[in-house]
Amino acid sequence: MSALEQQLEAFRQQVTSVDSEADLQQLKVAFLGKKGSVSQLRRQMGKMKPEERKAFGAAFNRCKNQIESELEDRRKHLDQQARLRDLERTEDLTMPPTRPRFGTLHPITRTRRELLATFRRLGFDVAEGPHIEHEAYNFDALNFQPEHPARDEQDTFFVRGQHGEEGSGIVLRTHTSPVQIRSMLTRQPPIRVVAPGTVFRRDDDPTHSPMFHQIEGLYVDRDVSMADLKATLLQFTSAFFGTGLDIRLRPSFFPFVEPGAEFDMQCPFCRGDGCNVCKTTGWIELGGSGMVHPAVFESVGIDPEEYTGWAFGFGIDRMAMLLHGIPDLRLMFDGDVRFLEQFPC
Amino acid sequence: MLISCYWLNQMLDRDEPVAPAQISEILTSLGLEVECQEVHGECVGDVIVGEIRAKDPHPKADRLTVVKLFNGSEELQVVCGASNLPEVGGKVAFAPVGAVLPGDFKIGARQIRGVDSSGMICSEVELEIGHDGDGILILPTSFEAGVPLHKLVPQINDTVLELGVTPNRPDALGHVGVARDVATKLGCGLKLPELRPLEGRSPEVAELPELVTLDEDAQDRCGRYIGHALQNVTVAPSPLWMRVQLHRLGLRAINNCVDITNYVLMEQGQPLHVFDRARLNEGRVVVRRANADEPMTTLDDTEIKLSAEDLVIADAQNPQALAGVMGGADSMVSEATTTILLEAAYFNPPKIRASARRHGFHTDSSYRFERGVDHSRGLSRASTRALNLLEDLAGAECIGHTEVVGERPPAAQITLRRSRVRRVLGVDVPADAAKATLTGLGVEVDDSNPEAWQCVAPTHRPDLLREDDLVEEIMRFYGLDNIPAVASVPSAPVEEVRDPSQARIDRVIDSLREAGLHEVVSMAFTAKDKLAPFASVTPESQIVEVQNPMRVQAGYMRTHLLPGLLDALEVNVAHHARAIGLFEVGRVYAWPEAPNAADGPTAEVDRQLPRESPRAGILLCAGRSQASGYDARSASGTIVHALERLGLAAQVAASDQTIPFLHPGVQGRVLALVPGGEPIEVGVVGEIHPDILRGRELPDGLRAYYAELRVDEVPTVGVAQATGLPRFPATSRDLSLEVPVSFPAADVVEALAQAASVALRDEPEIILAGDHFDVGRRAIEVVEDYRGKGVDAGQRALLLRMSYRAPERSVTDTEVQKLHQKIVVAACDLLKPRVPTVRVR
């Protein structure tokens, strides 16, 4: 057996017991490295005769190639073994999952956004106004006459003046309707806006909160009519709750509209058949509406002979309660995480 | 307003009564919404008139009487415990065996203390037709025995509707007004009670001008006053039909005089008053303004001090009624009364409202006067109606009358264009239907010009003032269901006013939700003491105060979001052991130091208003949970994250312990970094001051963290702009700097950044670069804050990492090393004046 064959034999004895990449590398160095035992044999070539040298050279290369090939085989074997071992791992994914903490939007925010998205699709711009408002806009310009009982219906919070004085004329706005006034003062017809926002009334029971949220729609243009109001309310309920639900208007009174009407929608839960939500009437009362009162137009300098308009308004909180089946209004303002977590999407 | 269907039907000129369900439907369709209804009298259908034929004491019980009672066909034995049994021949209400009285009370044949009793003699209360439960109901002797009681007193069987009457419809606060609407809808006539006016009576009743005087300075407060003087009045209980009618409408029967005024009030919607004329000084009244501080005792025994703004009905000396609001105790009708003065008046609505509010009264009378009663025919009618009833039911004899007139609104003359009806309603209402509606309601219509009707509004409808008011009346009766839904198209593009602040608020909300927090909405008002910790930020003089809060704890508008979030924290800690991560985005309110700078058409109003500023507040607290991961740095991380989601780089700077509501050692100011500009402070962050938490209902030692973003002060950033990715790798160098624990890391980073910007001037090809290409300060990272072995107490070793890059080539180790050393040395030099002990480890 030649020295090369002996080395090959020695290598083969060792390579089968190697079981890591690092050891494999070490083995390669031991045989084929600069000072490796096979590489050492190559030095003998210098002392050989030319004809021997050729044969040795060929044998040396064969031996070196063989070792390299077998190293590679071993590497592949180890790799395969590692792969099989890896595949043997198991993890029980039926264990409780590790979730990122999820945050939630308040149902009022969620509902307001959905309402705004719907009204934007219907061509409305969004307007806002101050929560603390002057009676001039909250009442006077909206055709609430001084000392008229219509003002009592609003259960107004009055605000002291900056120096604590009463009778400042400043109130917590009792509705979003002052935004109608602001919109008509700052925009040119055609005006088509919705105004969502916080409003305040002195009222506190399971279905009333002293602070709540309304959304108000206003459309002012040439030849806007009650028929158009009805069509738009129907467009809204269809876009928001789905098509096929009828709406109904009932005459009512709000000082800033004439004629005025309450508007009801067929109950989206029972589709008019009667259920708990609609108290078996098949209808849900949504809010108030009507044609902008000529006196309101006059107060903002719009000629009621040239333009007509309509307005409507309803409660966002009530809508949120309806959509999410919230049983008690006060849950909305307590900030209890156990309540808030119920609105993940 | 309660409406009796029975009474209403009496006023409709038609053969058959209208069923309550139909009345209800009609009223709701006309805008007189029926809120609820109650059916009465169904249970007393079996109750008949019984005649007492004999009365014998009960053999075993002193208080019981054994009655022989005739039921129309036979005599029955009935045991009765009442003390007011009438004499033989008297009539009573009798529930025979088999009757079922209200409350599912079944009448059976019984033995009472050993004596057979076949049926029961009933009281008003047992029949639910009155308030008197002390004794049995005694019927007029004219009632025929055996006849069902409800046939003789039809008011017993009734459906009562509760109407939600809107403030524009004073006429609907009486049955006549409601009947007028129903009659118009049904196209039938209105049948009003027949009257016997004084005119034309023989002998003539004298005009007594001295009975009522109207002062000159009260003309604006009293539009009309009709007075009747009556004598020989017998004050007694009212007849049963009237008592039942009043009872059905929720009114307590008192005596005929008072009941008649209430009855006419409910019938005509006109408040009336009766004075005991004998108790009026000189037997006359003066309608005048009160003297300031003049005392008066109202008939509910309240002593009030009048104002010179109040209108009173006085006798020759003292006020006897607060006009339109409440009568006085002195001249109240009593059982001894024999002469009365009957008042029917029209008082100025706003003045009555002011007066009622001034004294905290809200009466049936003020309720109607402040809405406006009919000062013309309706007033005369009500006055005569009451007069007639007093004559019929109290034996009164009118001995004189007078009338004074002050200022009252003229009847509105309105031109109604047919084109306007079409324009407002979007539909053509047939002319005859429109005219029938208007005339039915009492509007005088002259349609000689078919396109422009000349109309005069009736005085019972003070709400009909202009053209569109008549359009509404036409709409009410035409029916909103008959108006088609037809959408119009805007005549021009609708202007869109872009308001970036709402979009920004929405983005803040989204980023905080994304950070795993729950959004809360809390009340905008709070208690004053909850705002005290913010006094040095928002002084008390700037707090906006509610004049009439519902609770003292809700009397002030919030100046910060923290109090509301702490309220929510209390709720959460009390109820569960979850981690609490909350946020609120809402407005805070304060009076500005100088008036709001405002322009545009609303400026004049806006300058008078407090300032409202949008804020985002974040509250983190482990609560009672074991592992929440919430600490001061997660609070700063959340707010920095929110700013980053607005497209801004952000950092937290040291606060110098100046934020009063945060822990002095755990607080910072949040800076938004604007490319190429100075950092802008937009919020604060830190641990909530322990003193504030101690003042709350929270467990001892609880820590909670707060961050606040002043959303309106956050600079606006344009659309995110992309840059190419670096082609050459960056090289980083670490350094460890030892500084005192109290020295802010941000200041160390700042010193390094300053030193780097100087040093890099000499190396124009190299930049400081982090993950984000070209974003300067992010390239200096604080990797570790080491305290402990090898570092003195009170000191810390900050491990910092700086990255260098040349955009156009690879950087070499040698040049980076040299540059880095230079920067470190320069930075230490910058820090030394503030931190003499600073050293590189």
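That block above? That's the structure.
What comes next is a walk through the structure. (Residues numbered from 1 in each chain as written. Chains lettered and ligands numbered in written order. Predicted model: local features only at pLDDT ≥ 70, side-chain atom pairs only at ≥ 80, totals over all residues. Heavy atoms only, no water.)

**Comments concerning the state of the cysteines**
Phase 1: Per the counting criterion, the structure on display carries 0 disulfides over all chains.
Phase 2: Left unpaired, B:Cys188 is separated from the closest cysteine sulfur, that of B:Cys5, by 14 Å. (Disulfide = S-S within 2.5 Å.)

**Considering the packing of aromatic side chains**
Residue and element names in this part refer to chain A.
Phase 1: As enumerated under the stated definition, the model contains 25 aromatic pairs over all chains in all.
Phase 2: Relative to phenylalanine 144, the ring of phenylalanine 139 has its centre 5.1 Å away and its plane inclined at 65°; by these criteria the two rings are edge-to-face.
Phase 3: Residue phenylalanine 139 is classed as buried on the basis of its relative accessible area of 1%.
Phase 4: Relative to phenylalanine 240, the ring of phenylalanine 236 has its centre 5.5 Å away and its plane inclined at 25°; by these criteria the two rings are stacked. Here phenylalanine 240 and phenylalanine 236 lie together in helix α8 (residues 226–241), a separation of 4 residues that amounts to about one turn.
Phase 5: Taking the relative accessible area as the measure of exposure, phenylalanine 236 reaches 1% and is therefore buried.
Phase 6: Just above the ring of tyrosine 219 sits the side chain of arginine 192; from NZ or CZ to the centre is 4.6 Å. (Phe/Tyr/Trp six-rings, centres within 6.5 Å; stacked < 30°, edge-to-face > 60°. Buried < 20%, exposed > 50% of the residue type's maximum accessible area, 1.4 Å probe, protein only. Helix = DSSP H or I, 4+ residues; strand = E, 2+ residues; numbered from the N terminus. Lys NZ or Arg CZ within 6 Å of the ring centre and 35° of its normal.)

**Quick look at the interface of chain A and chain B**
Phase 1: Taken together, the contact pairs 100 residues of chain A with 92 residues of chain B.
Phase 2: For the pair chain A and chain B, the summed buried surface comes to about 8500 Å²; carbon and sulfur atoms form 53% of the total.
Phase 3: On the chain A side of the contact with chain B, A:Arg101, A:Glu147 and A:Pro251 bury the most area, a combined 8% of that side's loss.
Phase 4: Between the two partners, chain A and chain B, sit 11 salt bridges.
Phase 5: Across the salt bridge formed by A:Arg113 and B:Asp510, the nearest N and O atoms sit 2.8 Å from each other.
Phase 6: Between chain A and chain B we count 47 residue pairs in polar contact (both at pLDDT 80 or more) in total.
Phase 7: For the side of chain A that touches chain B, the leading source of residues is α8(A), giving 7 residues.
Phase 8: Within the side of chain A that touches chain B, the residues separate by chemical class into 41 nonpolar, 24 polar and 35 charged. (Contact = heavy atoms within 4.5 Å. Buried area = accessible area lost by both parts, 1.4 Å probe. Salt bridge = Lys/Arg side-chain N within 4 Å of Asp/Glu carboxyl O. Polar contact = N/O pair within 3.5 Å; in protein donor to acceptor, adjacent residues only side chain to side chain. Nonpolar A, V, L, I, M, F, W, Y, C, P; charged D, E, K, R; others polar.)

**Some words on the packing of helix α5 (residues 107–121) of chain A against α8(A)**
Residues and elements named next belong to chain A.
Phase 1: Look at α5 against α8: their axes get within 10 Å of each other, and the N-to-C directions meet at 130°. As the angle between them shows, α5 and α8 are arranged oblique. When you trace α5 past α8, the crossing you get is right-handed. Seen from α5, the contacting residues are Glu114, Leu115, Thr118, Phe119 and Arg121; seen from α8, they are Phe236, Ala239 and Phe240.
Phase 2: Tallied by class, residues from the contact of α5 with α8 come to 5 nonpolar, 1 polar and 2 charged. (Axes fitted to C-alpha atoms, helices over the stretch in contact; angles between N-to-C directions. Parallel < 35°, antiparallel > 145°, perpendicular 65-115°, else oblique. Left-handed = near helix turned anticlockwise from the far one by under 90°.)

**Describing unusual backbone geometry**
Phase 1: Omega for the peptide link from A:Pro189 to A:Pro190 comes to -5°, which places this bond in the cis form.
Phase 2: Turning to its location among the elements, A:Pro190 is positioned in the loop between α7 (178–186) and β5 (191–200).
Phase 3: Backbone torsion omega between B:Ser202 and B:Pro203 reads -5°, so that peptide bond is classified as cis.
Phase 4: As for its position among the elements, B:Pro203 is in the loop between β15 (189–190) and β16 (212–214).
Phase 5: In this structure, A:Asp223 takes a positive phi of about 60° despite not being glycine.
Phase 6: Along the chain, A:Asp223 turns up in the loop between β6 (211–221) and α8.
Phase 7: Here A:Asp223 falls in the partly exposed class, since its relative accessible area comes to 49%.

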